[in-house]
Structure formats: structure tokens, C-alpha cells
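Per-entry structural report
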Amino acid sequence: MSPGGSSTSYAVRFRPAGPWRFGPDSGARDRVDLIYHSDTVFSAVCSAMSQLGLRDEWLQATARSEGTPAVRFSSFYPFQGDTLLIVPPRSIWPPAESTKVRYKGARFVPLSVVEALLADKAIDEDRWAVDGESECLVPHGRAGGPFRIALRSNAAVDRLESGKTAGHETACLEFARDAGLWTVVQFHDDDAAAHWTAPVHSALLLLADSGFGGERSRGWGRSEAPEWEPWSLPVVETLGEGAEWAYWLLSLYTPAENDAVDWKRGSYSTVSRRGRIESSARWGEPKAATQMIAEGSVLLASSELRGAASDLAPVGFPHPVYRAGFAVAVPIPWRAAA
């Protein structure tokens, strides 16, 4: 059987009601990130829990928990139609070079393709193509991926000097009619699910109405009511003789003190996370940069990954500012990348 503790997982879909913007670490207006990272998801949910009057209880169950956090979130990934796409495991992606498909250009891959590769099945190259703009592996012949990058114009008007304006363009994601974003919401166990399912429902519904990401004052980042469905992790139940388990990350990850990761092996990359504090106490102060393990990384560890949350509050700030690096990870067979 696969390693790992008990958990209850859901796939939650968001159908955008307009553009969404995920600002890059550079802060450039004419650039946009393609992933809404899990640390930012957690921060947004914390803000919503505060509005719902549950901030202290929520933080005690998650960021301040001495054990496994009650609730964890993956990063947001695209979906189109019934197809959920995700950042594939670095240990098996890209597959062998193809004369028909440039697999290296695909940042997001259908879950069905990942499951096939984990089961040692070959990809039918005639079925797939890479959409260059969205960096998604899509069915061959489909006209475009789940989203495209667009530039929206805006102008600031000087109220003191009549007729003086300053124009600029802001990059955003515009979604196809049948597309949107999805995330994994993972409860630690049945008790955590029983206690926190309703509050997390309310928090995500509040965020869908008020907006995720940047330019929320312009109505960006909003969606229809989130759609919940139970999600079965694509776990391989048995291993061949001599094989071992590894953990495929669907979230950003900061190692907890007791996470026994073998850093000399595995297939992983890091990302530097920055951003600004959104607090009524002091708005807009920069967060300290944090190195985190990126989505799609595959780590070898002797037990299930937990992850940790770090307090990035500047000296003298009136309350903690947490960056969550809790692991949402899928056990998979370990294969060294070619």
C-alpha cells in the first residue's frame, strides 16, 4: 500500500467571471504568472477567515499547529471541460523526445496523462499538442488552451491638473468559456473535515465573490460559486521489487523541522517568493523573500511530508504574517529523471 496518513481531499473548481491576474515576483505590470501559488491561496483564506470571525481559531489549527495542519491547499491549476491539468512530476516529465510533440513546452499536463505515465503506459502522440500561449498539453486539434494572456489598458487621471492622464497596460489571464482554475483542498482527517468543511466553503465563496489575485478593485479575480467534488489522489497502490516511494508536490513547500527529506536525491527545483502584506494595520509593506520547493518537485522522504508556515512580519508589525509551505503531496514510485 502507499505511504501517507489519512486525509479527505476535494477538487474545487472556479469558473472565472472575468480576467484574473497573478503578479510575477518582478512586479512588472505587463507580465503575469500562470500559477496562483499555494502560499498566496493560504493568505487569501486567512483574510477571509478574519472577515468571518474565525481568524484565531483558523491560525491555531493551521499556521500555529504543532502537528499536521487541519487544512492544506494546493496551488491553483487550469482546467478545460472535464480535464484537470497540473504541473507533472519532474521525475517523469518530459517523456522521451518526440518528433510530433514538443513535451518540454508543456508546463501543465492533464492528470490522465500523468496517471498513464505513472502506470508505465506510453503517450499516444497523435492525441496531443502543446498550446504555446497557455503552456498546456491539449487534445490535438483543439483551438487554443484554457486561457490566454491579454493586456488591458488603464489610465490614471490627475484630479489637480485637468486633462492630465498617465496610461499603462496590465497583463491578465482571460479564460475560455469552458475553462477555469481548480485547487485541491485537503483535510487532515475526518475530524478536521467535519469541523472545517463549512468554514472553508464559506471562505472560498467569499473570495470568489470579492476576487483572488491582483486588480480586485477593477472586478478581476472573481468567479462563480466554487464547485466541490471528492478527489481521489492518483496513487499507485503497489511497487515493483526494489522500488521506493517518493512525494510529488502539488503545492509550494517549506520543510518542517521533522520532515526527513533526502536532499541528495529526488528531482526538485526552488522558487523565491516575495509579495506584499495586505493588512488593515499597515498595507503594502514588502514581505521578506523566501526560498521554497516548487510545484511538480519529487522528494524522497522516510515519512509523509508536513511542511511549515513561517512568520514574515517585519520588526514591530502588530500581528504575525504567515507564509504557508504546507505540503500537498501525492505518493508515487520513484524514478530518477533521465
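All of the points below concern the structure found in this document. Please read all numbers here as calculations on a predicted model, not as lab measurements. (Residues numbered from 1 in each chain as written. Predicted model: local features only at pLDDT ≥ 70, side-chain atom pairs only at ≥ 80, totals over all residues. Heavy atoms only, no water.)

**A look at the pairing of strand β18 (residues 329-333)**
- For β18, the buried fraction is high: five of the five residues fall into the buried class.
- By the alternation rule, side chains of β18 split into A329, P331 and P333 and V330 and I332, which are all buried. (Buried < 20%, exposed > 50% of the residue type's maximum accessible area, 1.4 Å probe, protein only. Helix = DSSP H or I, 4+ residues; strand = E, 2+ residues; numbered from the N terminus.)

**Considering helix α4 (residues 190-210)**
- Look at α4: 30 Å from first C-alpha to last across 21 residues, which is about the 30 Å you get at 1.5 Å a residue.
- Maximum bend of α4: about 50°, positioned at W196, with proline P199 one to four residues after it.
- Residues of α4 that are buried: A192, A193, W196, T197, P199, V200, A203, L204, L207 and A208.
- Those residues of α4 hidden inside the fold are in contact with β1 (8-14), α1 (38-51), α2 (55-61), β2 (71-73), β10 (179-187) and β11 (227-230).
- Of the residues that open α4, the one with a side-chain oxygen 3.2 Å from the backbone nitrogen of D191 is D189.
- At the exit of α4 stands G211, carrying a positive phi of roughly 115°. (Expected span 1.5 Å × (residues − 1). Bend = angle between axes of the 7 residues up to and from the residue. Contact = heavy atoms within 4.5 Å. Polar contact = N/O pair within 3.5 Å; in protein donor to acceptor, adjacent residues only side chain to side chain.)

**Some points on the pattern of salt bridges**
- Under the definition given, this model contains 15 salt bridges.
- Measuring nitrogen to oxygen at the nearest pair gives 3.5 Å for the salt bridge that ties E215 to R29. Of the two residues, E215 is situated in the loop between α4 and β11 and R29 in the loop between β1 and α1; the sequence distance between them amounts to 186 residues.
- On the basis of relative accessible area, R29 is assigned to the partly exposed category, the value being 39%.
- Here R72 and E304 are joined by a salt bridge, their closest N and O atoms 3.8 Å apart. Of this pair, R72 sits in strand β2 while E304 sits in the loop between β15 (298-299) and β16 (307-311), and the two are 232 residues apart along the sequence.
- Owing to a relative accessible area of 35%, E304 belongs among the partly exposed residues under this scheme.
- Members of the salt-bridge network, linked through shared partners, are R29, E215 and R218. (Salt bridge = Lys/Arg side-chain N within 4 Å of Asp/Glu carboxyl O.)

**Quick look at the side chain of S65**
- Along the chain, the position of S65 falls in the loop between α2 and β2.
- With a relative accessible area of 17%, S65 lands in the buried category.
- Apart from the residues within four sequence positions on either side, S65 is in contact with L59, Q60 and R306.

These figures come from the coordinates and say nothing about function on their own.
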